[in-house]
Amino acid sequence: MIVILDLGSHENTVLARAIRALGVYSEIYPHDITIEELKALPNVKGIIINGGPNNVIDGVAIDVNPDIYNAGIPVMAAGHDKALCAVKLNRFTDDIEAIKNAVRPFVFDTCKAETNWNMTNFVNDQIELVRRQVGNRKVLLALSGGVDSSVVAGLLLKAIGDNLVCVHVNHGLMRKGESEAVVELFKNQLKANLIYVDVTDRFLDKLENVADPEEKRKIIGGEFIRVFEEEARKLEGIDFLAQGTIYPDIVESGTKTAKMVKSHHNVGGLPEDMKFELVEPLRQLFKDEVRACGLELGLPHEMVYRQPFPGPGLGVRCLGAITRDRLEAVREADAILREEFQNAGLDKKVWQYFTVVPDFKSVGVRDNARSFEWPVIIRAVNTVDAMTATIETVDWPILMKITDRILKEVKNVNRVCYDMSPKPNATIEWE
Ligand code: XMP
């Protein structure tokens, strides 16, 4: 592997991805890693030190441990004259191909790294490692149907079969057909040990008359943990909890120079008395690698390339206090949008697209009479990291077809709007 020492450059993750794309494994470590820690890592063939604009932290300049240069491992550094191999890195862009070309000579000619990082090897290694960790004991997994949890399920099924117990909680805020698809694939086709809990009424009762977005999010998140805990308590002899933690979660909340971007919360928050050992087979992978892993495991394309969907689901797209009729409207309109984006090939191009139903009505005409019904708002955005986003400029004929279908097929709706706002000033979701 090639080790990248983190001096606070946000190029480091792109750099690691580029090296992996060359077929050589790469990981990011804190800048002050000791020589002992470094030597304990398996098969380190080279070190890259890439200082960025955050070289000064809290007014103190940071640098790597100087012993690193004497470890007998080739070092590639930008702006460090002590490096054994001080190949100058030009300013990196986010262009993976350009970065691959820039590091190729160092990785292969200087470090003589071998290309053995690929998904077939990864899957085989992880199956072996999980079997070693878990033995004959049981692992619990909250299977939402999102990309990460689905790939974990696929991998663990191969590794431990029936000793994987999946729980799918349908909180009533899923998209149309989504829970059914999880059950169909994992329970019916792949024969996973899957417990399906439909707690729609419980969630909608709890959310009744709650209009504040943060309050809604808290109720949905808290209730989700409670349901999962209740299901876990019914099971016997579970020693492990599997999580779909991926590498960006670890880098973002892990290294010393990176600002805390978000606290990742897969199924955190289980009570103290429920002690599980964690199984996190995707913790080394970037998102695009997780998808490649899913394909390698034979999971369907639509599951592996599913667009991001927030934990609180349609709950944050049915604005204000959730009612069943508006929830139904947002779900049906979303299904139409997804179908028409697929027909137009936009599902492969646009990063995230969905509908929103606000909690106000407007006047219209239906069957020659005055109507007073909800609007549907369409949102379609592109982004790299979800921190900023631009809107997709969807062609008018496509938007008109979607509008026509929503107005004909979705009950209680008389108007369709397109959200033109980038992030910032807006966020991607409305709540
Ligand atoms: P915003 O609305 O903050 O969303 O621009 C950025 C991205 O995050 C997704 N999102 C969530 N994902 N749990 C998640 O797993 C959540 O609570 C959540 N809230 C927002 C959102 O869909 C977008 O992709």
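Since the structure is predicted, the reported quantities are computational estimates derived from the model, not experimental observations.

Asker: How should the overall build of the protein be read in this particular structure?
Answerer: In terms of regular secondary structure, the protein is built from 13 helices and 16 strands. Buried residues in the protein amount to 52% of all 431 residues. Taking the intrachain contacts of the protein between residues at least 6 apart in sequence as the baseline, contacts between residues at least 24 apart amount to 74%.

Asker: Got a minute to help me understand the packing of helix H12 (residues 324-343) against helix H13 (residues 396-409) in this structure?
Answerer: Packing of H12 against H13 leaves a shortest axis separation of 10 Å and a crossing angle of 150°. The angle between the axes of H12 and H13 places the two elements in the roughly antiparallel class. The element H12 and its partner H13 pack so that their crossing is right-handed. Two secondary-structure elements touch here, H12 through Ala333, Ile336, Leu337, Glu339, Glu340 and Phe341 and H13 through Lys401, Ile402, Arg405, Ile406 and Glu409.

Asker: Is there a simple way to think about the site of the ligand in this case?
Answerer: The full set of residues close to the ligand is Arg217, Pro310, Gly311, Pro312, Trp351, Gln352, Ala386, Lys423, Thr427, Ile428 and Glu429. Between arginine 217 and the ligand, the recorded distance is 2.7 Å, taken from a side-chain N or O atom to an oxygen atom. At a separation of 2.6 Å, an oxygen atom of the ligand approaches a polar side-chain atom of lysine 423. In isolation the ligand has 500 Å² of accessible area, and contact with the protein removes 71% of it. A breakdown of the residues in the shell around the ligand according to their chemical character gives 5 nonpolar, 3 polar and 3 charged.

Asker: Any chance you could explain the UniProt feature "binding site: ATP" (unreviewed entry) in the protein here in plain terms?
Answerer: What UniProt calls "binding site: ATP" (unreviewed entry) maps, in this numbering, to Ser144, Gly145, Gly146, Val147, Asp148, Ser149 and Ser150. For glycine 146, the location among the structural elements is in the loop between strand S7 (138-142) and helix H5 (147-160). The exposure class of glycine 146 is buried, given its relative accessible area of 10%. Note on placement: valine 147 falls in helix H5.

Asker: Explain the sheet that holds strand S1 (residues 2-7) here, please?
Answerer: Strand-to-strand pairing in sheets goes through backbone hydrogen bonds, with the strands running parallel or antiparallel. Ordered by their spatial adjacency, 4 strands build an open sheet running S2-S1-S3-S6, and the pairing between neighbours is parallel. The two strands at the open ends of the sheet, each matched to only one other strand, are strand S2 (26-30) and strand S6 (75-77). Going from strand to strand, the sheet's axes swing by 25° on average, the running direction of each strand aside. When strand S3 (residues 46-51) meets S6, the two strands line up parallel, connected through 3 bridges. Paired with isoleucine 48 across the two strands is methionine 76, which belongs to S6. Contacts from helix H1 (residues 12-21) reach S1, S2 and S3 within the one sheet, and its direction differs from that of S1 by about 175°.

Asker: Could you clarify how one ought to interpret the pattern of salt bridges in this entry?
Answerer: Note on pairing: side chains with opposite charge can pair once their charged atoms come close. This structure, assessed with the given rule, holds 29 salt bridges. Ionic pairing is found between glutamate 409 and arginine 405, a salt bridge with its closest N-O pair at 2.8 Å. Taken together, the positions of glutamate 409 and arginine 405, both in helix H13 and 4 residues apart, correspond to about one turn of that helix. Looking at glutamate 409, the relative accessible area reads 45%, which means it is partly exposed. Taking the relative accessible area as the measure of exposure, arginine 405 reaches 16% and is therefore buried.

Asker: Explain the side chain of threonine 355 to me, please; I cannot follow it from the model alone.
Answerer: Residue position: threonine 355 is located in strand S12 (residues 352-356). Within the structure, threonine 355 has its side chain in polar contact with the backbone oxygen of valine 330 (distance 3.2 Å). Only 3.3 Å separates the side chain of threonine 355 from the backbone nitrogen of aspartate 334, close enough to count as a polar contact. Filtering out sequence-adjacent residues up to four positions away, threonine 355 remains in contact with Arg317, Val330, Ala333, Asp334, Leu337, Val376, Ile377 and Ile378.

Asker: For this particular structure, what's the right way to read the environment of lysine 348?
Answerer: Along the chain, the position of lysine 348 falls in the loop between H12 and S12. For lysine 348, a relative accessible area of 68% puts it in the exposed group. Distance in space between the C-alpha atoms of lysine 348 and tyrosine 305 is 8.5 Å, their sequence separation being 43 residues.

Asker: Whenever I open this one, the packing of aromatic side chains confuses me. Can you help?
Answerer: Aromatic rings considered in pairs are described by the distance between their centres and by the relative angle of their planes. Following the criterion strictly, the structure yields 4 aromatic pairs and no others. Taken together, a centroid distance of 4.6 Å and an interplanar angle of 40° make the contact between tyrosine 25 and tryptophan 117 tilted. Placement of tyrosine 25 in the loop between H1 and S2 and of tryptophan 117 in the loop between helix H3 (96-110) and helix H4 (119-134) is noted, with a sequence separation of 92 residues between them. Judged by centre distance (5.3 Å) and plane angle (85°), the rings of tyrosine 247 and phenylalanine 286 are edge-to-face. Here tyrosine 247 is found in helix H9 (residues 247-254), whereas its partner phenylalanine 286 is found in the loop between strand S11 (277-279) and helix H10 (287-296), with 39 residues between them in sequence.

Here is what the cut-offs are and how they apply
- Residues numbered from 1 in each chain as written.
- Predicted model: local features only at pLDDT ≥ 70, side-chain atom pairs only at ≥ 80, totals over all residues.
- Heavy atoms only, no water.
- Helix = DSSP H or I, 4+ residues; strand = E, 2+ residues; numbered from the N terminus.
- Buried < 20%, exposed > 50% of the residue type's maximum accessible area, 1.4 Å probe, protein only.
- Contact = heavy atoms within 4.5 Å.
- Axes fitted to C-alpha atoms, helices over the stretch in contact; angles between N-to-C directions.
- Parallel < 35°, antiparallel > 145°, perpendicular 65-115°, else oblique.
- Left-handed = near helix turned anticlockwise from the far one by under 90°.
- Near = heavy atom within 4 Å.
- Polar contact = N/O pair within 3.5 Å; in protein donor to acceptor, adjacent residues only side chain to side chain.
- Areas by Shrake-Rupley, 256 points an atom, 1.4 Å probe, with all protein chains shown as cover.
- Nonpolar A, V, L, I, M, F, W, Y, C, P; charged D, E, K, R; others polar.
- UniProt positions renumbered as here; feature names shortened; annotations may be inferred.
- Pairing = 2+ DSSP bridges.
- Salt bridge = Lys/Arg side-chain N within 4 Å of Asp/Glu carboxyl O.
- Phe/Tyr/Trp six-rings, centres within 6.5 Å; stacked < 30°, edge-to-face > 60°.

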